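Now for the letters of each chain:
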Amino acid sequence: MRPTSRVDPSLLSNLRTTCPCFFCRFPVDVQGEMCQCLSFTEFARLRSLSTCWKLRYQLYGPGKGILAFGMNGFGQLGDGTTTHRYRPTDLSDAVTALCPQQISMGLSHTLALTAHGAVLAWGANGNGQLGDGTMDGNRLTPVCVGGELASKHVTQIVGGAYFSLALTDKGEVYSWGRNSLGELGGVKGRERPLPARVNLGEGRVIVQISAGNDHALALSSHGEIFQWGANSYRSDDAPIKVGCFPAEERVVRVIAGAKCSYALTDQGNLYVWDKAAYTARIFRRITLPTEPSRIVQADASAHFLALTDQGHLYS
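About the thresholds
- Residues numbered from 1 in each chain as written.
- Predicted model: local features only at pLDDT ≥ 70, side-chain atom pairs only at ≥ 80, totals over all residues.
- Heavy atoms only, no water.
- Helix = DSSP H or I, 4+ residues; strand = E, 2+ residues; numbered from the N terminus.
- Buried < 20%, exposed > 50% of the residue type's maximum accessible area, 1.4 Å probe, protein only.
- Areas by Shrake-Rupley, 256 points an atom, 1.4 Å probe, with all protein chains shown as cover.
- Pairing = 2+ DSSP bridges.
- Axes fitted to C-alpha atoms, helices over the stretch in contact; angles between N-to-C directions.
- Core = buried A, V, L, I, M, F, W, Y, C linked by side-chain atoms within 4.5 Å.
- Contact = heavy atoms within 4.5 Å.
- Salt bridge = Lys/Arg side-chain N within 4 Å of Asp/Glu carboxyl O.

## As for the overall build of the protein
Scanning the protein from terminus to terminus reveals 2 helices and 23 strands. In the protein, which comprises 315 residues, the share counted as buried stands at 52%. Carbon and sulfur atoms provide 51% of the accessible area of the protein, an area that totals close to 13,900 Å².

Spelled out as structure tokens, the structure:
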């Protein structure tokens, strides 16, 4: 399987345009274009960038605080309003004062991780995806994610479309929000407004998690991959181990896209499979036109990006 095209480096020096999409000529990021008020050099100084499915983006970097722009009908940008933002806007003092170390987004909600390992959330809450024990209304400013997670030190957060996941420093995974397609991984009920631990086996340590629209992946310290969510047919289905990868390769990262799942190995190879393939035996390796390049970074949502050790970016 081949990526569709290599991103032309010459485009990156002139990212001052807007998206010609059906929406509203909305400013977008490295899908090839960027917000017209940001130059590429400014973009390069940003510490982190996070995106989701509704053309909503959040960027943050040293000396610039936290910026957000995009759809905001549920208060998901965290600026204290429900006004859509077409240019980067400072988040509310309630958010910036917490100095988030990570930000992750679902379809219409946002998660933030503090330096002390606490999780905050804001935006849409119709499915309990904010984890504060309620499912009523939206939150324009941060609320603390409660339940069992309140006493844990969290190291990673990820947002699915209508659910949320957190990984602790003990290698435990917690989930909350919608569960109609089994997104919460063995937790009973259609929705859960407080975090509950995902049962991934006694003594198993998880080192990384990823969430797609309605499915999730977890990677163990031994390189095992577990998957749950869409196509499990029952909301109480437990996570299932997937894979068989070449014996000489070890998976070092998993990526849940909107419709597919990906695994990056220590050999720089990237494998893809359909999210429904819980007992997948056939994994397709993505090949690059510039092989023997190694893929060193990859990410996916509704589209896919891969960066090689030669600095080539493919989409």
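Still to come is the rest of the account.
## Quick look at the pairing of strand E7 (residues 119-123)
By the criterion of burial, E7 is predominantly enclosed, with 5 of the 5 residues buried. Here E7 shows two buried faces, one formed by Val119, Ala121 and Gly123 and the other by Leu120 and Trp122. As defined by bridge partners, strand E6 (residues 109-113) adjoins E7 across 5 bridges and the pair is classed as antiparallel. Counted as the bridge partner of Leu111 is Ala121 from E7. Linkage of E6 to E7, two consecutive antiparallel strands, is achieved through a turn of 5 residues, within which Gly117 is found at a positive phi near 80°. When E7 meets strand E8 (residues 139-144), the two strands line up antiparallel, connected through 3 bridges. Bridge pairing in E8 links Leu120 to Cys144.

## Some points on the sheet that holds strand E18 (residues 260-265)
On the basis of which strands lie adjacent, the open sheet formed by 4 strands has the order E17-E18-E19-E20 and antiparallel pairing. Where the open sheet ends on each side, the last strands, each with one partner, are strand E17 (251-256) and strand E20 (284-286). For this sheet, the mean inter-axis angle between neighbouring strands, taken without regard to orientation, is 30°. The pairing of E17 with E18 spans 5 bridges and is classified as antiparallel. Bridge assignment links Ala256 to a residue of E18, and that residue is Ser261.

## Thoughts on the pairing of strand E9 (residues 154-159)
Judged by how many residues are buried, E9 sits mostly within the fold: 5 of 6 residues are covered. Note that E9 and strand E10 (residues 163-168) share 5 bridges and pair antiparallel. Each bridged residue has a counterpart across the sheet, and for Val158 the counterpart in E10 is Leu165. Between E9 and E10, which pair antiparallel one after the other, the connecting turn spans 3 residues.

## Focus on the nonpolar core
Where a protein is soluble and globular, its nonpolar side chains tend to be buried together. Leu165, Val173, Leu200, Ile206, Ile209 and Trp228 are the most contacted members of the largest nonpolar core, which totals 17 residues. At the level of secondary structure, the elements contributing two or more residues to this core comprise E10, strand E13 (206-211), strand E14 (215-220) and strand E15 (225-229). Contacts of Leu200, omitting those with residues within four sequence positions, involve Val173, Ile206, Ala218, Phe226, Trp228 and Pro239. Core analysis: the second largest hydrophobic core is formed by 13 residues, Val119, Val145, Leu149 and Val154 among them.

## A short note on the sheet that holds E7
A sheet is described by the order of its strands in space; here 4 strands give the open sequence E5-E6-E7-E8, paired in antiparallel fashion. Taken across any chain shown, the strands that pair with only one partner, and hence form the sheet edges, are strand E5 (102-105) and E8. Put simply, the sheet's adjacent strands are angled 20° from each other on average, direction ignored.

## Observations concerning the pattern of salt bridges
Counted under the stated rule, the structure contains 8 salt bridges. Where Arg197 meets Glu172, a salt bridge forms, and the shortest distance between an N and an O atom there is 3.4 Å. Placement of the pair is Arg197 in strand E12 (residues 191-197) and Glu172 in the loop between E10 and strand E11 (173-178), with a sequence separation of 25 residues. With a relative accessible area of 43%, Arg197 lands in the partly exposed category. Relative accessible area serves as the criterion here: at 12%, Glu172 is assigned to the buried category. As a salt-bridge pair, Arg204 and Glu224 come within 3.0 Å of each other at their nearest N and O atoms. Here the residue Arg204 occupies a position in the loop between E12 and E13, and Glu224 occupies one in the loop between E14 and E15, the gap between them amounting to 20 residues. Residues joined by salt bridges that share partners form a network here, namely Asp132, Asp136 and Arg139.

## Describing the environment of Leu111
You can see Leu111 is positioned in strand E6. Residue Leu111 is classed as buried on the basis of its relative accessible area, which comes to 0%. With residues near it in sequence (within four places) discarded, Leu111 still touches Gln102, Ile103, Ser104, Leu120, Ala121, Gln129, Ile157, Val158, Gly159, Ser164, Leu165 and Trp176.

## Here's the deal with the environment of Leu219
If you trace the backbone, Leu219 turns up in strand E14. A relative accessible area of 2% places Leu219 in the buried class. Each C-alpha atom of the pair Leu219 and Val207 lies 5.9 Å from the other, and the pair is 12 residues apart in sequence. In contact with Leu219, other than residues within four places in its own chain, are Val205, Ile206, Val207, Gln208, Glu224, Ile225, Val251, Val252, Arg253 and Val254.

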